[in-house]
Amino acid sequence: MTLCIDMKKEGVSQLNRCADILVNGGTVVFPTETVYGLGASALDDKAVEKIYLAKGRPSDNPLIVHIADKTMLASLVLNVDERAKKLMAKFWPGPLTLIFKKSHLVPDAVTAGLDTVAIRMPSHATAKKLLSLANIPIAAPSANISGRPSPTRASHVLKDLKGRVDAIITDGDVTYGLESTVLDISGDLPMLLRPGTVTKKQIETCIGSILVDKTLLKQIDLVTPKAPGMKYKHYSPDAEVYVLNAESDDVHKEKVMRSLKARYQRIKYIEDSAEALSKTLYAKLIEADELGFDVILIKAVNPEGVGLAVMNRLLKAANYKVL
Ligand code: TXA
Ligand code: MG
C-alpha cells in the first residue's frame with residue numbers, strides 16, 4: 001500500500017508521517033523544483049536498495065544525496081573548497097548538484113562504488129520541509145521507472161510509482177521541469193556532467209571557466225559519459241522520438257512529415273522555445289504516449305543557455321535520430 005498525500009489538499013502536518021517513513025528506512029516520493037524525486041535514507045544501504053528496486057534502475061548508476069541545510073554537508077564530503085563555497089552561496093538551495101569526494105559515512109550503495117558523491121539542496125518548499133523534518137540526508141533519483149521521462153506532474157508520478165513505494169507526496173506541477181545541473185568539482189578542473197536550468201554561463205560567472213563532458217550532445221562510441229547515468233537509454237516514451245533539424249524550413253519539414261506518414265499512423269509535432277520546452281518537454285512526451293501517438297517529432301532548439309539541457313534530453317529521447 002502506498003500512502004498518498006496531496007499537499008494541495010492536506011496540510012504540512014502529514015509530512016511528519018512521511019519523514020518518519022524515511023527515518024525508518026522506507027521510500028517516499030516527493031516534489032522538488034526540478035522533477036519529482038524518489039527518496040530514501042542515504043545512510044542506510046537497505047533503504048537505498050529499495051530505490052533501485054522500485055525504479056528498476058541499474059545499480060552502477062549513483063544517486064544524488066539531498067540535504068536540508070549546508071551544515072549537513074560537512075559529514076558527507078572530504079573537503080569543501082572555495083569554488084564549492086561560491087557555488088553554494090549563489091545557487092543553493094536550487095537546481096545545481098555538486099560532486100565532491102565522499103566521506104566514509106556515505107555507503108557504496110549510494111555512489112555505486114565511486115569515491116565521489118553528488119549533493120544537492122532543493123529549494124521546493126515541500127522538499128525542504130520534508131528533508132528538515134527527517135533530518136537525515138536523503139538519496140533521491142528522479143521518480144520515474146528507469147529509462148522513462150522524469151515526472152513533472154502529480155498524475156505522472158502516481159502512474160509510474162503508486163504501489164511501488166511506501167508514500168507519495170504530490171504538490172501539483174514542478175517549477176523547472178528538467179533535472180538539476182550536475183557539476184563535478186571533485187578534481188582540479190570543474191566539469192559539467194549534466195546540463196540543466198543553471199547554465200554553464202551562470203556557473204562560469206561564479207567560478208571561471210569549466211569543462212563540458214563531450215558526450216552531452218553527441219553519441220561517441222569510444223567515450224563513456226562521466227556521469228554513469230548519462231550512458232543509459234533515457235527520457236524515452238513508448239512512441240518513437242525524432243528531432244527535426246533546427247535549420248529546417250517549411251519545405252524540409254513537409255518532406256520529413258511525408259516520409260514519417262508513410263511509416264507511422266499518428267504523428268505528434270512539437271515546436272516551442274527552449275525556455276518553454278525546458279518546462280514542458282517531459283510532460284509532453286508522457287502525454288503523447290497517453291494519447292496513443294506512434295511518433296513524436298520535435299523541432300530542435302539552439303543549444304545555448306537552457307537550450308543545452310533541452311537538446312541533451314531531446315537527443316537522448318530520440319536516440320540521436322535527427323531528420
Ligand atoms: O533534479 C534532480 O537532480 C533530480 C531531483 C529528484 O533532485 N534527481 C535526479 O537524479 O535527476 P537521477 O538519479 O535521476 O540523476 C542523477 C545523475 C545521474 O546521471 C548520475 O549518474 C549522476 O547524477 N551522478 C550521481 N552521482 C554521481 C557521481 N558521484 N559522479 C558522477 N555522476 C554522478
Ligand atoms: Mg533520472
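Below: a short report on this structure. (Residues numbered from 1 in each chain as written. Chains lettered and ligands numbered in written order. Predicted model: local features only at pLDDT ≥ 70, side-chain atom pairs only at ≥ 80, totals over all residues. Heavy atoms only, no water.)

**Overview of the environment of C4**
One can find C4 in strand β1 (residues 3-6). Using a relative accessible area of 32% as the deciding quantity, one classes C4 as partly exposed. Sequence separation between C4 and A40 is 36 residues; the distance between their C-alpha atoms is 16 Å. Not counting residues within four places of it along the chain, the set of residues in contact with C4 comprises E10, L158, K162 and I168. (Helix = DSSP H or I, 4+ residues; strand = E, 2+ residues; numbered from the N terminus. Buried < 20%, exposed > 50% of the residue type's maximum accessible area, 1.4 Å probe, protein only. Contact = heavy atoms within 4.5 Å.)

**Structural notes on helix α8 (residues 250-263)**
Look at α8: 20 Å from first C-alpha to last across 14 residues, which is about the 20 Å you get at 1.5 Å a residue. The inward-facing, buried residues of α8 contact β12 (240-244), β13 (267-270) and β14 (295-299). (Expected span 1.5 Å × (residues − 1).)

**Focus on helix α3 (residues 82-91)**
Along an α-helix, residues three or four positions apart point the same way, because every turn accommodates 3.6 residues. For α3, the set of buried residues is R83, A84, L87, M88 and F91. In an axial view of α3, the angular spread of the buried residues amounts to 125 degrees, which keeps them on one side of the axis. Within α3, the exposed residues directed more than 90 degrees away from the buried face are E82, A89 and K90. Residues of α3 that are buried in the fold lie against β5 (96-101), β9 (181-184) and α7 (200-207). (Arc of directions from axis to C-beta.)

**Digging into the site of ligand 1**
In the vicinity of ligand 1 there are 28 residues, among which T34, N61, H66, S180 and G229 approach most closely. T34 places a side-chain nitrogen or oxygen 2.6 Å from an oxygen atom of ligand 1. The contact in question runs from an oxygen atom of ligand 1 to an N or O atom on the side chain of S180, over 2.5 Å. Burial of ligand 1 by the surrounding chains reaches 97%, relative to a free accessible area of 690 Å². (Near = heavy atom within 4 Å. Polar contact = N/O pair within 3.5 Å; in protein donor to acceptor, adjacent residues only side chain to side chain. Areas by Shrake-Rupley, 256 points an atom, 1.4 Å probe, with all protein chains shown as cover.)

**Considering the pairing of β5**
Counting buried residues along β5, 5 of its 6 residues qualify, which places the element largely inside the surrounding structure. Alignment of β5 against β9, held across 4 bridges, turns out to be parallel. Looking at the pairing, I99 lines up with D184 of β9. Of the pairings in the sheet, the one linking β5 to strand β6 (residues 116-120) comprises 4 bridges and is antiparallel in character. Of the residues in β6, the one forming a bridge with F100 is V117. (Pairing = 2+ DSSP bridges.)

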